[in-house]
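# Structural characterization, general
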Amino acid sequence: MTLVEKFQQQTGFASNKKPKIIIPIPSPKVLEFERFLNRSIKNGPPISVINDIDDAGIPSNFTYVENYVYGEGVPCRIDLSERLVGCRCKEGYCTAKGCSCFTEHTGARLNYDRTTFQVMLKPGNVIYECNSKCTCLSNCVNRVSQRRSDLSLMIKRFPKKGWGVITRRKIPERVFVTYYYGEIIKSTEADRRGSQYDTKGLTYLFDLDYNAEDHDECAYTVDATYFGNFSRFFNHSCDPNLVVYPLINDNADIRLHHIAFFTSREIQVGEELTFNYFGNFYNEEVESGLSKIKEKYVCKCGSTKCIGYFH
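Residues numbered from 1 in each chain as written. Predicted model: local features only at pLDDT ≥ 70, side-chain atom pairs only at ≥ 80, totals over all residues. Heavy atoms only, no water.

Below, the discussion takes up the sheet that holds strand β10 (residues 220-223). Pairing in this open sheet of 4 strands is mixed, and the strands run β3-β8-β10-β9 from one edge to the other. In the strand order of this sheet, the two ends are held by β3 (69-70) and β9 (205-207), each with one partner. Pairing between β9 and β10: 3 bridges, direction antiparallel. Across the sheet, residue Leu205 finds its bridge partner in β10, namely Asp223. Of the strands in this sheet, β8 (183-186), β9 and β10 touch helix α5 (residues 187-200), which is tilted by about 105° from β8. (Pairing = 2+ DSSP bridges. Helix = DSSP H or I, 4+ residues; strand = E, 2+ residues; numbered from the N terminus. Contact = heavy atoms within 4.5 Å. Axes fitted to C-alpha atoms, helices over the stretch in contact; angles between N-to-C directions.)

Moving on to the packing of aromatic side chains. Centre distance and the angle of the planes are the two values used to describe a pair of aromatic rings. Within this structure, the stated rule accounts for 19 aromatic pairs. Seen from their ring centres, Phe176 and Phe262 are 5.4 Å apart, and the 65° between their planes marks the pair as edge-to-face. Here Phe176 is found in strand β7 (residues 176-179), whereas its partner Phe262 is found in strand β14 (residues 258-263), with 86 residues between them in sequence. For Phe176, a relative accessible area of 16% gives the class buried. The interplanar angle of 90° and the centroid separation of 5.1 Å between the aromatic rings of Phe234 and Phe261 together place this pair among those described as edge-to-face. (Phe/Tyr/Trp six-rings, centres within 6.5 Å; stacked < 30°, edge-to-face > 60°. Buried < 20%, exposed > 50% of the residue type's maximum accessible area, 1.4 Å probe, protein only.)

On to the nonpolar core, then. Where a protein is soluble and globular, its nonpolar side chains tend to be buried together. In terms of nonpolar packing, the biggest core is built from 67 residues, with Leu37, Cys87, Cys94, Cys130, Phe234, Phe261 and Phe262 touching the most fellow members. Listing elements by their share of this core, those giving two or more residues are α2 (28-40), α4 (100-103), β5 (153-158), β6 (162-167), β7, β10, β13 (242-248) and β14. The biggest single contributor to this core is β13, with 5 residues. Not counting residues up to four positions away in its chain, the partners in contact with Phe234 are Val165, Val177, Thr178, Leu242, Phe261, Leu273, Phe275 and Tyr277. (Core = buried A, V, L, I, M, F, W, Y, C linked by side-chain atoms within 4.5 Å.)

All chains considered together, the criterion is met by 11 salt bridges. A salt bridge links Glu173 to Arg174, with the nearest nitrogen and oxygen atoms 3.7 Å apart. In this structure Arg174 comes out as partly exposed when scored by relative accessible area, which is 31%. Residue Lys305 pairs with Asp239 through a salt bridge whose shortest N-O separation is 3.9 Å. Linking Lys305 in the segment after α6 (284-289) with Asp239 in the loop between β12 (235-236) and β13, this pair joins segments that are 66 residues apart in sequence. The class for Lys305 is exposed, based on a relative accessible area of 53%. Beyond isolated ion pairs, a larger network of salt bridges with shared partners links Glu183, Glu189, Arg192, Arg193 and Asp223. (Salt bridge = Lys/Arg side-chain N within 4 Å of Asp/Glu carboxyl O.)

In the numbering used here, UniProt assigns the "binding site: Zn(2+) 1" (unreviewed entry) feature to Cys87, Cys89, Cys99 and Cys101. Tracing the sequence through the fold places Cys87 in the loop between α3 (77-81) and α4. Given a relative accessible area of 1%, Cys87 falls into the buried group. Sequence-distant contacts of Cys87, that is, excluding residues within four places in its chain, are made with Cys94, Cys99, Ser100, Cys101, Cys130, Lys133, Cys134, Thr135 and Cys136. Summarising the element assignment, Cys101 is placed in helix α4. Contacts of Cys101, omitting those with residues within four sequence positions, involve Cys87, Cys130, Cys134 and Asn142. (UniProt positions renumbered as here; feature names shortened; annotations may be inferred.)

On to the side chain of Glu129, then. Along the chain, Glu129 turns up in the loop between β4 (127-128) and β5. In this structure Glu129 is buried but unpaired, with Arg143 as the nearest side chain of opposite charge at 7.1 Å. A distance of 2.7 Å separates the side chain of Glu129 from the side chain of Tyr112, its partner in a polar contact. Here the side chain of Glu129 touches Ser145 through a polar contact of 2.7 Å, side chain to side chain. Look past the residues within four positions of Glu129 in its chain and what remains in contact with it is Tyr112, Asn142, Arg143, Val144, Ser145, Gln146, Tyr179, Leu247, Ile248 and Asn249. (Lys, Arg positive; Asp, Glu negative; His and termini not counted. Polar contact = N/O pair within 3.5 Å; in protein donor to acceptor, adjacent residues only side chain to side chain.)

So this is what it looks like as structure tokens:
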């Protein structure tokens with residue numbers, strides 16, 4: 001054995017060693033947080049919690065959900081599903097040229113790769129999946145986001161950013177991660193709540209604005225302050241590894257599309273899952289319009305591409 005090999009063996013730096021996440025002994029509040037999460041999670045593996053920073057536990061008045069909560073005046077999914085039109089593909093097998101979900105929305109192109117289930121549409125496009133009125137089976141290539149998750153995740157406490165989400169296993173690029181669940185409210189109510197949240201530094205409002213030219217035309221917003229899933233803990237990064245797609249599969253109203261997170265690159269073990277709060281297409285026009293909030297929302301992503309603030 002060479003000196004280098006002996007050093008690698010003794011220190012754990014051998015090239016064939018897999019990266020490991022060191023988990024500290026959990027505090028009572030961390031254990032309570034884990035139990036709270038895993039009592040509610042039905043659509044995926046349990047989620048662990050790490051906090052060796054402070055004594056923070058379950059966020060105040062927070063309820064973990066795996067579906068939407070509908071605010072006053074917001075049409076619910078059951079009502080909207082009556083207007084859905086499904087495909088009639090034979091033997092539950094959808095093809096790009098034979099399935100109406102593709103021919104009517106994607107120009108007869110698949111949304112996902114048949115083998116890897118990686119999204120093939122470019123960001124900025126709507127993903128139209130098969131729905132409850134379709135005759136295809138649950139393993140259809142066009143039902144990727146509707147399948148049970150197999151991601152292995154942790155919610156971790158960071159010194160400056162608070163809670164965040166890290167992965168315990170490598171995640172390939174362009175794969176579905178989750179929806180941004182929460183309470184869907186009208187934009188007028190979102191403006192009212194937003195004014196209150198700004199004073200507390202809360203940033204959990206996400207506009208359903210794919211079809212809106214500006215904020216005034218946005219009809220609905222998802223508020224994950226008090227209701228949400230693990231995506232509620234995704235932090236902002238100026239160099240993110242997640243990208244957002246509008247996705248439709250359970251209603252016929254584009255104004256109530258899903259906010260669907262996909263990986264934009266391969267994510268390594270122990271790496272935090274992040275997205276850009278500005279949206280997928282940050283540019284100089286966005287920066288000029290947000291100059292007034294630079295001091296209010298200081299960015300702590302730590303990326304070499306950090307612009308210093310977010311919204």
